[in-house]
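Structural characterization, general
So the chains spell out like this:
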2 protein chains.
Amino acid sequence: MDREQARRRLGIALDEARAGLREGGVPVGAALYGADGALLGRGRNRRVQDGDPSAHAETDAFRAAGRQRSYRGTTMVTTLSPCWYCSGLVRQFGISRVVVGEARTFRGGHDWLAEHGVEVVVLDDPACAALMREFIAARPDLWNEDIGHG
Amino acid sequence: MDREQARRRLGIALDEARAGLREGGVPVGAALYGADGALLGRGRNRRVQDGDPSAHAETDAFRAAGRQRSYRGTTMVTTLSPCWYCSGLVRQFGISRVVVGEARTFRGGHDWLAEHGVEVVVLDDPACAALMREFIAARPDLWNEDIGHG
């Protein structure tokens, strides 16, 4: 995937992250695209909104896409490097590609995914990084809870 | 954790798995226990029942336990070796211990977890193994979908 196409797809994930911030939640957003480029599902972290610690952005987008027979050729776009939980999701279900908005504020499992055959594009997007940097500074308690560093 | 205590805790996970089978679902069950031994949450695979591919047994039990500040000292009990998705959950959130009912019919990430400091107890329970063996023989399509081998 070229970076221009990856950047376009990041827009929806970033919209989700910003919606999460407005709701008082953890501002991480994601979108799952099919092999044909169609949007299958979009989502955001819902720990605060739904009191659901299992709803990370990537799993929320994956859930929104509903049951799929195969994830071959799909792309998970996320504003932030996927944690081990979300990296495990990508590996287990054979999602082919991951577009990472940024990995400066948190470095998850994207290198591990690349080692296991997933195509990984890290965009190092300034808007994604600013969003997280400001959130982590404002709510370190909530952020640590969200990544299990309580 | 001694194996006798682990076996007692497996009972609830197995009840969940059997409930899932009766509902026409994937018969995997789980339970999350606190450091003090209290049951924090129990759950089962809900792919069929809720049309939710993100609801593996372990994530369902984790969700049922609600928001927790820390998972230090907790134990995830599951009837089946946890897939990469559920293994990632355990690693990310720092769940201290995993009790695996059986790993004969499916070998997930429990060795990886042990390498990363999680205490892993594999019980090789005949009832858990029989449940999965019969399910996989009866519904290979559904099983393959559930582990992303579509």
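Residues numbered from 1 in each chain as written. Chains lettered and ligands numbered in written order. Predicted model: local features only at pLDDT ≥ 70, side-chain atom pairs only at ≥ 80, totals over all residues. Heavy atoms only, no water.

**Things to note about the nonpolar core**
For clarity, the cut-off: Definition used in this section: a nonpolar core is a set of buried Ala, Val, Leu, Ile, Met, Phe, Trp, Tyr and Cys residues joined via side-chain atoms within 4.5 Å. For every residue, the accessible area obtained with a 1.4 Å probe (protein chains only) is divided by the maximum for its type, and the residue is called buried under 20%, exposed over 50%, and partly exposed between those limits. Residue contacts are defined here by distance: any two heavy atoms, one from each residue, within 4.5 Å place the two residues in contact.
By size, the foremost hydrophobic cluster in this structure holds 62 residues, and its most contacted members are Met76 and Trp143 of chain A together with Met76 and Trp143 of chain B. Contacts of methionine 76 of chain A, omitting those with residues within four sequence positions, involve Ala30, Ala31, Leu32, Glu58, Ala61, Phe62, Leu89, Ile95, Arg97, Val98 and Val99 of chain A.

**Section: the pairing of strand β5 (residues 119–122) of chain A**
Look at any regular strand and the pattern is simple: side chains alternate between the two faces of the sheet. All names here are of chain A. We apply this condition: If DSSP finds at least two bridges between two strands, the strands pair. Secondary structure is summarised from DSSP: a helix means a run of H or I of at least four residues, a strand means a run of E of at least two, and numbering begins at the N terminus for each. Looking down the strands as they point away from the viewer, one classifies a crossover as right-handed if the path from the first strand across the helix to the second runs clockwise.
Inspection of the sheet shows strand β4 (residues 97–102) paired to β5 by 4 bridges, in the parallel sense. When the bridges of β5 are listed, arginine 97 appears paired with glutamate 119. Regarding the hand of the β-α-β motif, the stretch spanning β4, helix α5 (residues 110–115) and β5 is right-handed.

**What about the sheet that holds strand β1 (residues 29–33) of chain B?**
All names here are of chain B. Our working rule: Axes here mean lines fitted to C-alpha atoms, for a helix over just the part in contact, with angles spanning 0 to 180 degrees between N-to-C directions.
Taken in spatial order, the 5 strands make up an open sheet running β2-β1-β3-β4-β5, and their pairing is mixed. The open sheet terminates on both sides in strands that have one partner only, identified here as β2 (39–44) and β5 (119–122). The average angle at which neighbouring strand axes cross in this sheet is 15 degrees, direction not considered.

**Let's talk about the interface of chain B and chain A**
Just so we agree on the cut-off: Defined here as a combined quantity, buried area equals the accessible surface (1.4 Å probe) lost by two parts on assembly, summed across both. Throughout this description, a polar contact denotes any pair of N or O atoms lying within 3.5 Å of each other; where both atoms belong to protein, one of them has to be capable of donating a hydrogen while the other can accept it, and for residues adjacent in sequence the pair is counted only when both atoms sit in side chains. Any residue that is not Ala, Val, Leu, Ile, Met, Phe, Trp, Tyr, Cys, Pro, Asp, Glu, Lys or Arg is counted as polar, Gly included; the first ten are nonpolar and the last four charged.
Facing the 35 residues of chain B at the interface are 35 residues of chain A. Approximately 3,100 Å² of surface area, both sides summed, lies buried where chain B meets chain A, with 54% of it carried by carbon and sulfur atoms. At the surface where chain B touches chain A, the tally comes to 13 residue pairs in polar contact (both at pLDDT 80 or more). Among the secondary structure elements, those contributing two or more residues to the side of chain B that touches chain A are α2 (47–50), α3 (57–64), α4 (84–93) and α7 (140–146) of chain B. No other element matches the 7 residues that α4 of chain B contributes to the side of chain B that touches chain A. The class makeup of the residues in the side of chain B that touches chain A is 13 nonpolar, 12 polar and 10 charged.

**So, the packing of helix α4 (residues 84–93) of chain A against α4 of chain B**
Here is the rule: Oblique is the label for every angle not falling under 35 degrees (roughly parallel), over 145 degrees (roughly antiparallel), or within 65 to 115 degrees (roughly perpendicular).
Here α4 of chain A crosses α4 of chain B at 170 degrees, and the two axes come no closer than 7 Å. Relative to α4 of chain B, the element α4 of chain A is oriented roughly antiparallel. Here Trp84, Tyr85, Gly88, Leu89, Arg91, Gln92 and Phe93 of chain A of α4 of chain A come into contact with α4 of chain B, specifically with Trp84, Tyr85, Gly88, Leu89, Arg91, Gln92 and Phe93 of chain B. Classifying every residue of the contact of α4 of chain A with α4 of chain B by side-chain character gives 8 nonpolar, 4 polar and 2 charged.

**Side note on the pattern of salt bridges**
For clarity, the cut-off: Note on definitions: salt bridges are taken to be side-chain nitrogens of Lys or Arg within 4 Å of carboxyl oxygens of Asp or Glu.
In this structure the tally under the stated criterion is 30 salt bridges over all chains. Among the salt bridges present, the one from aspartate 52 of chain A reaches arginine 63 of chain B, with a minimum N-O distance of 3.5 Å. Of this pair, aspartate 52 of chain A sits in the loop between α2 (47–50) and α3 (57–64) while arginine 63 of chain B sits in helix α3, each in a different chain. Taking the relative accessible area as the measure of exposure, aspartate 52 of chain A reaches 7% and is therefore buried. Overlapping salt bridges bring together Arg47, Glu145 and Asp146 of chain A together with Arg67 and Arg69 of chain B as one network.

**Comments concerning the state of the cysteines**
Residues and elements named next belong to chain A. How we decide: Working definition: a disulfide is two cysteine sulfur atoms within 2.5 Å of each other.
Counted by the stated rule, this structure contains 0 disulfides over all chains. Summary of cysteine pairing: cysteine 83 is not part of a disulfide, and the nearest cysteine sulfur, belonging to cysteine 86, is at 4.0 Å. Residue cysteine 83 is classed as buried on the basis of its relative accessible area, which comes to 4%.

**Some points on the relation of the copies chain B and chain A**
Relating one copy of the chain to the other takes a rotation about an axis and a shift parallel to that axis. Our working rule: In this comparison the copies share one frame, found by least squares on the C-alpha atoms of residues holding pLDDT of at least 70 in both.
The transformation that overlays chain B on chain A combines an axial shift of 0.0 Å with a rotation of 180 degrees, and the residual RMSD is 0.0 Å. The operation mapping one copy onto its partner corresponds to a two-fold rotation axis. In terms of C-alpha distance to the rotation axis, chain B has glycine 88 of chain B as its closest residue, with the C-alpha 2.5 Å off the axis. A share of 100% of the interface residues of chain B reappears at the interface of chain A, consistent with the copies meeting face to face through the same patch.

**Section: the packing of α3 of chain B against α4 of chain B**
Residues and elements named next belong to chain B. At a minimum axis distance of 8 Å, the contact between α3 and α4 shows a crossing angle of 40 degrees. With respect to their mutual orientation, α3 and α4 come out oblique. Facing Glu58, Thr59 and Phe62 of α3, the residues of α4 in contact are Tyr85, Cys86, Leu89 and Phe93. When the residues that make up the contact of α3 with α4 are grouped by side-chain class, the tally is 5 nonpolar, 1 polar and 1 charged.

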